[in-house]
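Geometric and topological summary
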Amino acid sequence: MIREWNEESLDHRNALLYAMGVSEEDAKRPVIGLVNSWNEMNPGHFPFKDVIAEMKEEIYKAGGLALELPVTGICDGICSNTPGDRYTLPARDLVSSEVEMVAELNMLEGMVIMSTCDKVVPGMIMGALRVNIPTVMLTGGFMAAGHTEEGKMLTLTHTKQAYAAYIAGDIDREHYKMVVRNACPTPGACPFMGTANTMCALAEILGLSPHGNASVRSQTPEWHEMARGAARRLVQAIRDNVRPQSFITQQSFENAVRYMMATGGSTNSLLHIPAIARQVGCEISPETFDRISREVPVISAIYPNHPSYTMEEFSAAGGLGAVVKELAKAGKVNTECGGMFGTIGEKAELSHNSNTDVIRPVEAPIHEQGGLAVLHGNIGSESAIVKFSAVDPEAWKFSGPAKCYDSQDDAWNAILRDEIVPGDVVVIRYEGPKGSPGMPHMETFMAAVLGKGMGKEIALVSDGRFSGATGGLAIGHVSPEAYEGGNLALIENGDVIHIDIEGRTLTIDVSDEEFDRRRASWRPVEKPAIGWLDLYRRSCTSAHKGATVYWKK
């Protein structure tokens, strides 16, 4: 047994289990939590109801007693472009608290944690690392790509682009509604290289989820077998007392960053990986990402880094394992890092790259450097982030006059009214972790930019963040944020901003003396926040340090 009970406490617990039909004999089994984010508002988590009974059966046959413990399972897409989006990033820390609580309060012997989407996967991992009992993770797999009636690929993000095109008069209302109807044809994670698939990959690279789990289609026979295998492995891990902190190391997290660079993963990984690593005393910073981005090239590109490839093509080519194999052959990943399902080297041996157009060898990359870049300058003195694998190379250097807005809504309405023109550098501020609070997505604004066909002609600089599916010249996570008095707050309309992605700089033609003069009369914009958002604002770190309430000094 992992836990130590005294007789009275154990009998007190068992009396409550008997009330729900658990037999006296079954109560002697190790209790394993199926910590499950299933709900009916989220297609990424919706499939888990299909495998609960199978996992319970496998665990029972192996000698355990599996009990379902539901936790929060939010979907960023449900609340996109609404005030609710302010809750999505704080939900990560809330989920981590729930996992910690259900594991410790119930004295679980082990856990299977189940989630798929952007904030729930990293939140569950954060909680699991703090608790450090035997744990495996099952992620939900990806959804099928959608298609227009003409056969053109669709994903959820195309609905926003279509709306902007509809407002601009480029498509009619019927075509726009057709895009909405066809964008998400099945349950699962949205099938692009967004935050959900990036985080599912993180779970597999860290060694928590079964081989192939991060690049399997949801609800398939292969996915069901992975669920059964995860259940069996968890019982064995309890017998062997294998805990996450026994195999997750600094090198594990650096491997995850290397994978993100090779695949053009989501910018949100710069919030999540540092916060997760911090739970076990490891240090991953934006500078870690930037160092590795200079060492590991982009070798695989799916939407938004590619116009038509999705997780379907990626999976058919060999998925995560094939990327790991290519990185291992070139010495770009630590193959000795272990996990619940074997080492990274063993994963590479099990894998095959069947399409070198979708997943290229390291010696023939798509980009010579990794897909994310960290910028510095007199706007983001700590850091700013860009997913340059989703930026047209023609826009890697960009200069223009600032147009400043204190919310995404203001900027979005301005571009729909054609008040933002080619050459502008749009500044959206007070959307950071403390300023919004909650650091919502700026994807709606960028989708409007792309929907109007101006992805190379307009830049965005913001202390907010982006969906992993965001394309175009979008620079986010500017830190220090405006609410904390960063220079972003002091920019005025017409100030000239310079972006140099290859040079890793983000600068503005304003002197330190002029910034000091403006700061003397500056007051932050105060946006309302109640309850959890208010607590988050008062407790969270900057984006540079994971935007989390769980950051021990």
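Now for a quick tour of the structure. (Residues numbered from 1 in each chain as written. Predicted model: local features only at pLDDT ≥ 70, side-chain atom pairs only at ≥ 80, totals over all residues. Heavy atoms only, no water.)

Attention shifts here to the nonpolar core. With 101 residues, the main nonpolar core has Ile 125 and Phe 253 as its most contacted residues. With 9 residues, the single largest contributor to this core is helix 8 (residues 221-240). Excluding anything up to four places from it in sequence, Ile 125 contacts Ile 113, Met 137, Leu 202, Ala 203, Leu 206, Leu 208 and Ile 276. Membership of the second largest hydrophobic core comes to 34 residues, among which are Ile 379, Ala 384, Trp 396 and Val 478. (Core = buried A, V, L, I, M, F, W, Y, C linked by side-chain atoms within 4.5 Å. Buried < 20%, exposed > 50% of the residue type's maximum accessible area, 1.4 Å probe, protein only. Helix = DSSP H or I, 4+ residues; strand = E, 2+ residues; numbered from the N terminus. Contact = heavy atoms within 4.5 Å.)

Before going further, it helps to examine the packing of aromatic side chains. In the structure shown here, the tally under the stated rule is 8 aromatic pairs. Relative to Phe 46, the ring of Trp 38 has its centre 6.4 Å away and its plane inclined at 35°; by these criteria the two rings are tilted. Ring centres of Phe 388 and Trp 396 lie 5.1 Å apart, and the angle between their planes is 90°; this geometry places the pair in the edge-to-face category. Neither Phe 388 nor Trp 396 differs from the other in exposure class; each is buried. Feature note: the residues Tyr 163, Tyr 166, Tyr 176 and Trp 412 constitute an aromatic cluster, connected by ring pairs. Positioned above the aromatic ring of Trp 5 is the side chain of Arg 13, whose terminal nitrogen or guanidinium carbon lies 5.1 Å from the ring centre. Directly above the ring of Tyr 60 sits Arg 29, whose terminal nitrogen or CZ lies 3.6 Å from the centroid. (Phe/Tyr/Trp six-rings, centres within 6.5 Å; stacked < 30°, edge-to-face > 60°. Lys NZ or Arg CZ within 6 Å of the ring centre and 35° of its normal.)

This part covers helix 7 (residues 195-205). For helix 7, the buried fraction is high: 11 of the 11 residues fall into the buried class. Taken together, the buried positions of helix 7 are Thr 195, Ala 196, Asn 197, Thr 198, Met 199, Cys 200, Ala 201, Leu 202, Ala 203, Glu 204 and Ile 205.

Note that Ser 80 resides in the loop between strand 2 (65-70) and helix 3 (88-105). There is a polar contact of 2.8 Å between the side chain of Ser 80 and the side chain of Lys 160. When neighbours within four sequence positions are excluded, Ser 80 is seen to be in contact with Lys 160, Glu 443 and Thr 444. (Polar contact = N/O pair within 3.5 Å; in protein donor to acceptor, adjacent residues only side chain to side chain.)

This part is about the environment of Gly 464. Within the fold, Gly 464 resides in the loop between strand 11 (459-462) and strand 12 (473-479). The class of Gly 464 is buried, set by a relative accessible area of 0%. Once residues lying within four places of it in the same chain are set aside, the contact partners of Gly 464 are Glu 431, Gly 432, Met 439, Pro 440, Met 442, Gly 476 and His 477.

Before going further, it helps to examine the environment of Gly 321. By secondary structure assignment, the location of Gly 321 is in helix 13 (residues 319-329). The exposure class of Gly 321 is buried, given its relative accessible area of 5%. C-alpha separation for the pair Gly 321 and Ser 351, spaced 30 residues apart in sequence, amounts to 5.1 Å. Beyond its immediate chain neighbours, meaning those up to four positions away, Gly 321 contacts Lys 347 and Ser 351.

This brings us to the sheet that holds strand 4 (residues 135-138). If you trace the 4 strands from one edge of the open sheet to the other, you get 2-1-3-4, paired in parallel fashion. Lying at the two open borders of the sheet, with one neighbouring strand each, are strand 2 and strand 4. Across the sheet, the axes of successive neighbouring strands diverge by a mean angle of 20°, strand direction being ignored. Of the pairings in the sheet, the one linking strand 3 (residues 110-114) to strand 4 comprises 4 bridges and is parallel in character. (Pairing = 2+ DSSP bridges. Axes fitted to C-alpha atoms, helices over the stretch in contact; angles between N-to-C directions.)

Counting across every chain of the model gives 35 salt bridges. Across the pair Arg 278 and Glu 283 runs a salt bridge, and its minimum N-O distance is 2.3 Å. Accessibility expressed as a relative area gives 44% for Glu 283, which makes it partly exposed. Through salt bridges with shared partners, one network takes in Glu 54, Glu 57, Glu 58, Lys 61, Glu 225, Arg 228 and Arg 232. (Salt bridge = Lys/Arg side-chain N within 4 Å of Asp/Glu carboxyl O.)

Moving on to the pairing of strand 10 (residues 425-428). Burial of the side chains of strand 10 extends over both faces: Val 425 and Val 427 are buried on one face and Val 426 and Ile 428 on the other. Note: strand 9 (residues 397-405) against strand 10, 4 bridges, orientation parallel. Note that in strand 10 the partner of Lys 403 across the bridge is Val 426. Where strand 10 and strand 11 come together, 4 bridges link them in parallel fashion. Across the sheet, residue Ile 428 finds its bridge partner in strand 11, namely Ser 462. Of the crossover connections in this fold, the one passing from strand 10 over helix 16 (residues 443-451) to the parallel strand 11 is right-handed. (Right-handed = clockwise from strand over helix to strand, strands pointing away.)

Once that is clear, we can look at a negative patch on the surface. On the surface, Glu 7, Glu 8, Asp 11 and Glu 24 cluster together into a patch of negative charge. With respect to the helices, strands and loops of the structure, Glu 24 is situated in the loop between helix 1 (7-18) and strand 1 (31-36). Look at Glu 24 and you get exposed, because its relative accessible area is 55%. (Patch = residues over 30% accessible without salt bridge, like charges linked within 9 Å, V, L, I, M, F, W, Y side chains within 5 Å. Areas by Shrake-Rupley, 256 points an atom, 1.4 Å probe, with all protein chains shown as cover. Lys, Arg positive; Asp, Glu negative; His and termini not counted. Charge placed at Lys NZ, Arg CZ, Asp CG, Glu CD.)

The next thing to look at is the packing of helix 2 (residues 52-61) against helix 8. Axis angle and axis distance: for two packed helices, these are the angle between their axes and the distance between the axes, and together they describe the pair. Across the interface, helix 2 lies against helix 8 with an axial gap of 8 Å and an inter-helix angle of 35°. As helix 2 runs across helix 8, the sense of the crossing is right-handed. Residues Glu 54, Met 55, Glu 57, Glu 58 and Ile 59 of helix 2 form the contact with helix 8, whose participating residues are His 224, Ala 227, Arg 228, Ala 231, Arg 232 and Val 235. When grouped by side-chain class, the residues that make up the contact of helix 2 with helix 8 number 5 nonpolar, 1 polar and 5 charged. (Left-handed = near helix turned anticlockwise from the far one by under 90°. Nonpolar A, V, L, I, M, F, W, Y, C, P; charged D, E, K, R; others polar.)

A few words now on helix 6 (residues 173-182). All buried positions along helix 6 are accounted for by Tyr 176, Met 178 and Val 179. End-on, the buried residues of helix 6 take up no more than an arc of 160°, which puts them together on one face. Among the exposed residues of helix 6, those pointing more than 90 degrees away from its buried face are Glu 174 and Arg 181. Against strand 6 (153-154) and helix 5 (157-168) lie the buried residues of helix 6. Capping of helix 6 at its N-terminal end is provided by Asp 172; its side-chain oxygen lies 3.3 Å from the backbone amide nitrogen of Glu 174. (Arc of directions from axis to C-beta.)

Strand order in the open sheet made by the 8 strands is 7-8-12-11-10-9-13-14, with mixed pairing throughout. In this open sheet, the two edge strands, each paired with only one partner strand, are strand 7 (373-375) and strand 14 (505-508). When the angles between neighbouring strand axes are averaged without regard to direction, this sheet yields 30°.

This part takes up the side chain of Glu 443. Considering the arrangement of structural elements, one finds Glu 443 in helix 16. At 3.3 Å, the side chain of Glu 443 forms a polar contact with the side chain of Ser 80. For Glu 443, the contacting residues outside a window of four places in its chain are Ser 80, Lys 160, Gln 408, Phe 466, Ser 467 and Thr 470.

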